[in-house]
Amino acid sequence: MSFPKVNPTKTKAWEQLKAHFSETQSGKMQEYFTQDPSRATRFSIAWEDFYLDYSKNRITDTTQKLLLQLAEEVQLKEAITAQFSGAPINETENRAVGHTALRDFAKMRPEVKDTLQKVKAFSDSVIQGEWTGYSGKAIQTVVNIGIGGSDLGPTMVCEALQYYKNHLQVRFVSNVDGDHIAETLRDLDAETTLFIVVSKTFTTQETLTNANSAKEWFLRESSSHAIAKHFVAVSANLEAVSHFGISSNNIFPMWDWVGGRFSLWSAVGLSIACAVGYDQYENLLVGAHEMDLHFKNTEFGKNIPVTLGLLSVWYNNFYGAESECIVPYSQYLNKLVPYLQQGFMESNGKSVDRNGESIDYQTGTIVWGSVGTNAQHAFFQLIHQGTKLVPTDFIGFTKSLHGNKDHHNKLMANMVAQTEALLQGTYETHPENNFKAFVGNKPTNTLLIESLTPKSLGSLIAMYEHKLFVQGVVWNIFSYDQWGVELGKQLAKGTLAALEGNNASNLQNPSTQRLIDKLN
Ligand code: F6P
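Model, not experiment: these values are computed from the prediction.

## A look at the layout of surface pockets
Alright, step 1. Looking at the largest pocket, its volume works out to about 1,000 Å³.
Alright, step 2. Taken together, 39 residues make up the lining of the largest pocket; nearest its centre are T201, T204, V485, E486 and K489.
Alright, step 3. Going through the elements one at a time, α9 (205-221), α15 (336-348) and α19 (486-499) are the ones with two or more residues in the lining of the largest pocket.
Alright, step 4. Counting residues per element, the lining of the largest pocket draws most heavily on α19, at six residues.
Alright, step 5. Within the lining of the largest pocket, the residues separate by chemical class into 12 nonpolar, 16 polar and 11 charged.
Alright, step 6. Space inside the second largest pocket adds up to approximately 390 Å³.
Alright, step 7. Broken down by element, the residue count for the lining of the second largest pocket peaks at three residues, all from helix α17 (residues 405-424).

Structure, rendered in structure tokens:
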């Protein structure tokens, strides 16, 4: 099945959206609400325990109709079918894109099922203290060593699901900065520490450096025959793992049809299973699968990821908005934004289309944000009164986990107040004082979820995965490769050689050379 390759700017819908934008760009959402009290109901989607209110967007019925027409003209439906069919839609790497297959229990491939069983057996035995260290003591701390997709997903989920955690401490080392691993290991006991080295390629400089340092640290206390009790790996490169010294029994496989930034659903999630137990990890996968079904089977007008993706295209390509902000009102989701930054920006930061041609329209939005209410006291000034248009997603939960009503009411009151302030502004009440005026008319989406559970978190993550896919399909780019990370990695070999006093022949630029001289 071939993947569609339609230039969106050549569609009829694009032309019509351009004309529609000129007519409506100065439209005021405040007035839209006055004219149509049913707007909040009409521009909302209730699905399972999710409620998306997208009525506070600069859209009319015509905007929605034209965006849906655009989806049709770029063959979004065909693209979704191609992805779920397992076709090699990651064409520049000639790979299928199978992260959704990792959470489809009904149709699970045997190797995925076996790996999940292995994750279950291993995490159970570590949690129950049956897997012991070299001296017979139970494991107390699990250290995940990985970077990018081999770190961001598990670290985000472990933080998000802290409420569901067991007694194990789970830590993450990603940065090649030696201080990161030094601080992580500082108070640890080698006898009770287990390392999970996660690297799909097992060639990533940062991860191998950290893994070697962890091994050295461990061997200061113990001998090499004990490594099997303290080091396991998650990788697609079995040869490199065994070369590192990890026994084949301790390898959890991953596959080339799962991209790094979509891999927390694979054995990359081993640290999550250790932190919250396998059953809760499975609930995360179940929640993601439910969102997959919603995305695959729901008509586009009522489809949450499609709606979010098309709104994003509307602001990015017609309003010229460069960024999007995401503000979860939950401290547990502190690491959601860094995780999504890799998802969105590594996937959609592309300037060549699926036909291999240079693109003359905007693609990947810059994703940024932080948790509320903290964000209100940091950068909300710019969203309210700055010159840039920043469409913002607000994510909140109806119930808090610890049940402190006073705090939760204040938290949610702030979230709702912000969306109201961004919409309504105060211009009319402060016409005499420009400094205090808020023009309002700032677009927001509000996503209300009943409570933060492994299942709802799975659905939330999958929702954003599908949103970025929708954007990529419309922009006619390949979302599943990441060639843009390669050049820097290559050059770092030369800069390292130069810093180590060896030949630096690949350094052509005098500024770079001077910096190296200063560092030497
Ligand atoms: O540098 C980017 C990247 O290739 C990501 O796509 C990936 O998630 C990360 O590096 C880590 O790669 P690996 O799992 O192979 O170590």
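## Focus on the sheet that holds strand β8 (residues 323-328)
Alright, step 1. With mixed pairing, the six strands of this open sheet are ordered in space as β1-β2-β11-β10-β8-β9. With partners counted over all chains shown, the strands left at the sheet margins are β1 (44-47) and β9 (366-369), one partner each. Strand after strand, the sheet turns through a mean of 15° between neighbouring axes, direction not considered.
Alright, step 2. The pairing of strand β10 (residues 392-397) with strand β11 (residues 444-449) spans six bridges and is classified as parallel. In the strand pairing of β11, F394 is matched with T446.

## Some thoughts on the pattern of salt bridges
Alright, step 1. Overall, the coordinates contain 20 salt bridges when judged by the stated rule.
Alright, step 2. Between D406 and K410 there is a salt bridge; the shortest N-O distance is 3.0 Å. Taken together, the residues span about one helical turn, with D406 and K410 both in helix α17 at a distance of four residues.
Alright, step 3. Judged by its relative accessible area of 42%, D406 is partly exposed.
Alright, step 4. Note that E486 is salt-bridged to K489, the shortest N-O span being 3.7 Å. Here K489 and E486 lie together in helix α19, a separation of three residues that amounts to about one turn.

## Digging into the domain arrangement of the chain
Alright, step 1. Per the domain assignment, the segments of the chain are domain 1 (8-96 + 288-474), domain 2 (104-276) and domain 3 (487-519).
Alright, step 2. With 27 residues of domain 1 at the interface, the matching set in domain 2 holds 22 residues.
Alright, step 3. Each partner contributes to the roughly 2,200 Å² buried at the junction of domain 1 and domain 2, and carbon and sulfur atoms together form 64% of this total.
Alright, step 4. Three residues, Y332, K335 and Y339, lead the burial of domain 1 against domain 2; their summed loss comes to 26% of the area buried on that side.
Alright, step 5. Counting every contact that joins domain 1 to domain 2 gives three salt bridges.

Analysis parameters
- Residues numbered from 1 in each chain as written.
- Predicted model: local features only at pLDDT ≥ 70, side-chain atom pairs only at ≥ 80, totals over all residues.
- Heavy atoms only, no water.
- 1 Å grid on protein atoms, 1.4 Å probe; cavity = no way out; pocket = protein on both sides within 12 Å on 5 of 7 lines; lining within 4 Å.
- Points joined across faces, edges and corners; volume = space filled by probe spheres on them.
- Helix = DSSP H or I, 4+ residues; strand = E, 2+ residues; numbered from the N terminus.
- Nonpolar A, V, L, I, M, F, W, Y, C, P; charged D, E, K, R; others polar.
- Pairing = 2+ DSSP bridges.
- Axes fitted to C-alpha atoms, helices over the stretch in contact; angles between N-to-C directions.
- Salt bridge = Lys/Arg side-chain N within 4 Å of Asp/Glu carboxyl O.
- Buried < 20%, exposed > 50% of the residue type's maximum accessible area, 1.4 Å probe, protein only.
- Domains from an automatic or database assignment.
- Contact = heavy atoms within 4.5 Å.
- Buried area = accessible area lost by both parts, 1.4 Å probe.

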